[in-house]
Amino acid sequence: MLEKTRLPAIEQPDEELTRLLAGRLRVARQLSGLSQVQAGAIVGTSFQQWQKYEKGSTRICPAKLMRFAYATGHTVSWFFDVLENPITGDEQEIVALLATNPAFVRVVQLWRTLPPPEQRTALETTELLAALTRALDDRRLAA
């Protein structure tokens, strides 16, 4: 016989969860470099309907979420990471700015194709570039 298990309490009301998921959908689309029209076409949704999902005025059913995850190159669980690690308004603004930069979008696309060992190597290379930039800045200030 199955014992009744208690589900953990969900702190946010439904509307708040819908809003968080909507924000995550917007970030996913921006990071994938898709417009709302392109993303909607991939999942068979109109541009207007996609807007409603991103604004949180229309709730996202599980089947749609699976399609959205596929269209943006994310896992379904990625959309719910925001519940444990909420994105602040400042972070959303930064992501929106970076996601509109084609070079950054390309870097993110390439990063996601790298296995973890190569990601570490890429990160180490980035740290070397940052150190080189600091050294050059120090030289300029000293001159």
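Residues numbered from 1 in each chain as written. Predicted model: local features only at pLDDT ≥ 70, side-chain atom pairs only at ≥ 80, totals over all residues. Heavy atoms only, no water.

## Section: the pattern of salt bridges
Opposite charge on two side chains permits them to pair, given that their charged atoms come into close proximity. Throughout the structure, instances matching the rule amount to four salt bridges. Here R59 ties to E15 by a salt bridge, and the two come within 3.9 Å at their closest N and O atoms. One end of the pair, R59, is in the loop between α3 (47–55) and α4 (62–72); the other, E15, is in helix α1 (residues 14–32), with 44 residues separating them in the sequence. Take E15: its relative accessible area is 56%, and that puts it in the exposed class. (Salt bridge = Lys/Arg side-chain N within 4 Å of Asp/Glu carboxyl O. Helix = DSSP H or I, 4+ residues; strand = E, 2+ residues; numbered from the N terminus. Buried < 20%, exposed > 50% of the residue type's maximum accessible area, 1.4 Å probe, protein only.)

## Observations concerning the nonpolar core
Residues L25, W50, I60, F68, W78 and F79 are the most contacted members of the largest nonpolar core, which totals 17 residues. At five residues, α1 tops the list of elements feeding residues into this core. Among residues more than four places away in sequence, those in contact with F68 are L25, V43, T45, W50, Y53, I60 and F79. (Core = buried A, V, L, I, M, F, W, Y, C linked by side-chain atoms within 4.5 Å. Contact = heavy atoms within 4.5 Å.)

## Notes on the confidence of the model for the protein
Model confidence for the protein is summarised by a mean pLDDT of 81, while 80% of its residues fall at 70 or above. For the protein, per-element mean pLDDT is lowest for helix α6 (residues 89–99), which scores 68, and highest for α3, which scores 92. (pLDDT = per-residue confidence, 0-100.)

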